[in-house]
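The primary structure of each chain is shown beneath.
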Amino acid sequence: FVANAQKGSILLSGNIGFSTSSVENSNTSAQMFNFNPQIGYGISNNLHFGVFNETTLAMGADFNGNALGNDDLNGNLVVVGPFLRYTKKFGDIFAVFADAKLGWMSGYHDAITDSRGSASVMSGFHFGITPSALINVSNNFGLTFSFGGVNYQAFGFNDAQSTEFNMNFGKQFSVGVQKVFGK
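Reading guide: rules and limits
- Residues numbered from 1 in each chain as written.
- Predicted model: local features only at pLDDT ≥ 70, side-chain atom pairs only at ≥ 80, totals over all residues.
- Heavy atoms only, no water.
- Helix = DSSP H or I, 4+ residues; strand = E, 2+ residues; numbered from the N terminus.
- Buried < 20%, exposed > 50% of the residue type's maximum accessible area, 1.4 Å probe, protein only.
- Contact = heavy atoms within 4.5 Å.
- Salt bridge = Lys/Arg side-chain N within 4 Å of Asp/Glu carboxyl O.
- Pairing = 2+ DSSP bridges.

K.L.:
Would you explain the side chain of Ser132 in this entry?
P.N.:
Looking at the element boundaries, Ser132 is found in strand β6 (residues 119–138). The buried category is assigned to Ser132, whose relative accessible area is 12%. Those residues in contact with Ser132, other than ones at most four positions away along the chain, are Ala95, Val96, Phe97, Phe145 and Ser146.

Structure follows, in structure tokens:
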């Protein structure tokens, strides 16, 4: 079982997401695409430290995937920063892990405009902890399953500040892959 933290190993993991929604009795729809890779280095037999990227493209939707009623309202959001993963394995097939991430956010959205009607640029920071499970599919390759997490973010746009705290265990589900290149 190598799809687990090992000192000196390299971890590649992430997920890709797509969602679509439409507004009833309307001709509007919304799509959202997410791409979330990360790479880490095994600093002990249970810890990986590395960098992550979370990119979201929203077309006719806000960054939560909610339709805005206008197909022309678009935006993007990028979060980049370090992560720390603690992994605990249970036998040769199953493991649990938690990722702690601290990231810098930057993006824009047409739905949030300034006094001139221009799309607002936003920036801020993000902190999150996501517990997950891992199933070893084959040597060095595993499927990951997440059921939500705890997130806090603070960002500014249009000279205003916004903060969000989310605890969404069981409300969200994602599947990802990971490959460990180990010793």
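From this point, things continue past the structure.
K.L.:
Whenever I open this one, the pattern of salt bridges confuses me. Can you help?
P.N.:
Pairing is possible between side chains of opposite charge, provided their charged atoms come close. This model, assessed by the stated rule, comprises 2 salt bridges. Between Lys101 and Glu54 there is a salt bridge, with the nearest N and O atoms lying 3.2 Å from each other. Of the two residues, Lys101 is situated in strand β5 (residues 94–113) and Glu54 in strand β3 (residues 47–59); the sequence distance between them amounts to 47 residues. A relative accessible area of 14% places Lys101 in the buried class. The salt bridge involving Arg85 is made with Asp99; its shortest N-O contact spans 2.7 Å.

K.L.:
Help me understand the pairing of strand β2 (residues 29–42) in this model?
P.N.:
Two faces belong to every sheet, and in a regular strand the side chains alternate between them. Along β2, the buried face is formed by Ala30, Met32, Asn34, Asn36, Gln38, Gly40 and Gly42; none of Ser29, Gln31, Phe33, Phe35, Pro37, Ile39 and Tyr41, which line the opposite face, is buried. Here β2 runs beside β3; their pairing, made up of 10 bridges, is antiparallel. Of the residues in β3, the one forming a bridge with Gly40 is Gly50. Linking β2 to β3, which pair antiparallel, is a turn of 4 residues.

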